[in-house]
Amino acid sequence: MADNQIFCEKCDKPAVYLDREQGIHLCRNHLKESVEDEVRRYLKTIRLPETLGVAFSGGKDSTALLKVLSEIRSELPCRIIALTVDEGIEGYRQDTIKAATETCLILGIPHEIIRFQDLYGYSLDHLVSGSERNACTICGILRRRALEVLAQKCSISMIATGHNQDDHAQTALMNAISGDVNKVFTGYGSSSWYAQRIKPFVCVSEKEVTLYALLNGLFRDLPECPYAVSSLRGEVRTLLYQYEKNHPGAMRNAAQCEENIRAKLGGTYQQEAYKTCSICGWPGSGIICQVCMVLGKDTHLNPMTKEK
Ligand code: SF4
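Residues numbered from 1 in each chain as written. Predicted model: local features only at pLDDT ≥ 70, side-chain atom pairs only at ≥ 80, totals over all residues. Heavy atoms only, no water.

(A) Molecular detail of the overall build of the protein. The helix and strand inventory of the protein stands at 11 helices and 9 strands. Burial status across the protein gives 45% buried among its 308 residues. Sequence-distant contacts, at least 24 apart, represent 74% of the contacts inside the protein between residues at least 6 apart. Surface accessibility of the protein: about 16,800 Å² in total, with carbon and sulfur atoms responsible for 51%. (Helix = DSSP H or I, 4+ residues; strand = E, 2+ residues; numbered from the N terminus. Buried < 20%, exposed > 50% of the residue type's maximum accessible area, 1.4 Å probe, protein only. Contact = heavy atoms within 4.5 Å. Areas by Shrake-Rupley, 256 points an atom, 1.4 Å probe, with all protein chains shown as cover.)

(B) Local environment of the side chain of Asp 61. Secondary-structure assignment places Asp 61 in helix α2 (residues 60-71). On the basis of relative accessibility, which here comes to 15%, the residue Asp 61 falls in the buried class. The residues contacting Asp 61, other than those within four sequence positions of it, are Gly 162, Asn 164, Asp 167, Phe 201 and Val 209.

(C) Here's a closer look at the packing of α2 against helix α3 (residues 93-107). Two elements in contact, α2 and α3, have axes separated by 11 Å at closest approach and are oriented at 10 degrees. As far as their axial angle goes, α3 and α2 are roughly parallel. Contact with α2, carried on its side by Thr 63, Leu 66, Lys 67 and Ser 70, involves Thr 103, Cys 104 and Leu 107 of α3 and no other residues of that element. Per-class residue counts for the contact of α2 with α3 are 3 nonpolar, 3 polar and 1 charged. (Axes fitted to C-alpha atoms, helices over the stretch in contact; angles between N-to-C directions. Parallel < 35°, antiparallel > 145°, perpendicular 65-115°, else oblique. Nonpolar A, V, L, I, M, F, W, Y, C, P; charged D, E, K, R; others polar.)

(D) Layout of the site of the ligand. Around the ligand sit Leu 124, Cys 136, Cys 139, Arg 143, Cys 225, Tyr 227 and Ala 228, and that is every residue in its neighbourhood. Each residue belonging to the shell around the ligand can be placed in one class, and the counts come to 6 nonpolar, no polar and 1 charged. (Near = heavy atom within 4 Å.)

(E) Highlighting the packing of aromatic side chains. Tallied over the full model, the rule gives 2 aromatic pairs. Centroid distance Phe 116 to Tyr 120: 5.2 Å. Interplanar angle 75 degrees. Geometry classified as edge-to-face. Of this pair, Phe 116 and Tyr 120 both sit in helix α4 (residues 116-120), 4 residues apart, which is roughly one turn of the helix. Looking at Phe 116, the relative accessible area reads 0%, which means it is buried. Ring geometry for Tyr 194 and Trp 282: centres 6.1 Å apart, planes at 50 degrees, overall tilted. Highlighted residues: Tyr 194 in the loop between α7 (165-178) and β7 (196-198) and Trp 282 in the loop between β8 (275-276) and β9 (283-284), separated in sequence by 88 residues. For the pair formed by Tyr 194 and Trp 282, the shared burial category is buried. (Phe/Tyr/Trp six-rings, centres within 6.5 Å; stacked < 30°, edge-to-face > 60°.)

(F) Structural detail: the pairing of strand β4 (residues 79-86). With 7 of 8 residues buried, β4 is to be regarded as a mostly interior element. Where strand β3 (residues 51-55) and β4 come together, 5 bridges link them in parallel fashion. From the neighbouring strand, Gly 53 faces β4, where its bridge partner is Ile 81. Considered for its hand, the β-α-β crossover made up of β3, α2 and β4 is right-handed. Pairing between β4 and strand β5 (residues 111-115): 5 bridges, direction parallel. (Pairing = 2+ DSSP bridges. Right-handed = clockwise from strand over helix to strand, strands pointing away.)

(G) Representation of unusual backbone geometry. The phi dihedral of Ser 155 falls on the positive side, at around 55 degrees, and the residue is not glycine. Examined against the element boundaries, Ser 155 turns out to sit in the loop between α6 (135-153) and β6 (158-160).

(H) Here's a closer look at the packing of α2 against helix α8 (residues 206-215). With their axes 9 Å apart at the nearest point, α2 and α8 run at an angle of 65 degrees to one another. Classified by the angle between their axes, α2 and α8 sit roughly perpendicular to one another. Along this stretch, α2 crosses α8, giving a crossing that reads as left-handed. Contact with α2, carried on its side by Lys 60, Asp 61, Ala 64, Lys 67, Val 68 and Glu 71, involves Glu 206, Val 209, Thr 210, Tyr 212 and Ala 213 of α8 and no other residues of that element. (Left-handed = near helix turned anticlockwise from the far one by under 90°.)

(I) Inspection of the side chain of Thr 103 at higher detail. With respect to the helices, strands and loops of the structure, Thr 103 is situated in helix α3. A relative accessible area of 0% means that Thr 103 is categorised as buried. Separated by 2.8 Å, the side chain of Thr 103 and the backbone oxygen of Ala 99 make a polar contact. Ignoring anything within four residues of it in the chain, the contact list for Thr 103 reads Phe 56, Thr 63, Leu 218 and Arg 220. (Polar contact = N/O pair within 3.5 Å; in protein donor to acceptor, adjacent residues only side chain to side chain.)

Everything listed here is a matter of coordinates, which is why it stays silent on function.
In structure tokens form, the structure reads like this:
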């Protein structure tokens, strides 16, 4: 055995992970246990419905979340369905959809898929052709609606997403950069139209999530989305890693800051009331919702046009 071997703080097994903020080393079993306990703690604060949807891209975060939920499913009062959106991204989505399907089969979790091509009549590749720089914005708007349509089809009123602590920190910084205070509250208002979103990995770092997937044999070397390179999130991510390296705990503080703002102002902040889109009838911030803006205002060509 090597002299410089480091051991777990909780047992005598070799450590695989160092929590730099707390200065604690954990072995593979205790790392897995700590991730699962964090999710248990989070879910205890939520009133779960009969069926919980899991937004499942097939990537490492949602795969790790699905694995945790399958590990603790006997403790949960609900059944789980994995929900996947196929945006139609050549050279990327085929592999991740295949991985998602395989993972659901391994874990024995029902799996539903919705495709941009079927819902909107076009793939994301087609819609962003010539304006690739806006791909993530367009993708985000259309994917949110697609997930919602799929949730409604499956009678799902709550969706768990795999967003981890690092994602929350990045979102907080991106919202600060955009200067739009409304974004701090977006998605936290109440609307009977939309399924409630929950984020069981909110206190779990990206590193822990990745290791969890890896240690459970569920980490796959999947291709990156070709549009990710141009995203602001990528730049913010690099910046935050540097801060965390130099100032352990910075990521957690950044991740919690919006939650703290919402907790302090939530009762007093007046969110703008939803309007009804004149094309599709879904709620939105204007008389034409963002989805119909993206798809074009011509109601004859827009597949989202409500049935008369
Ligand atoms: Fe969509 Fe952007 Fe994510 Fe690609 S990187 S899947 S375009 S949000």
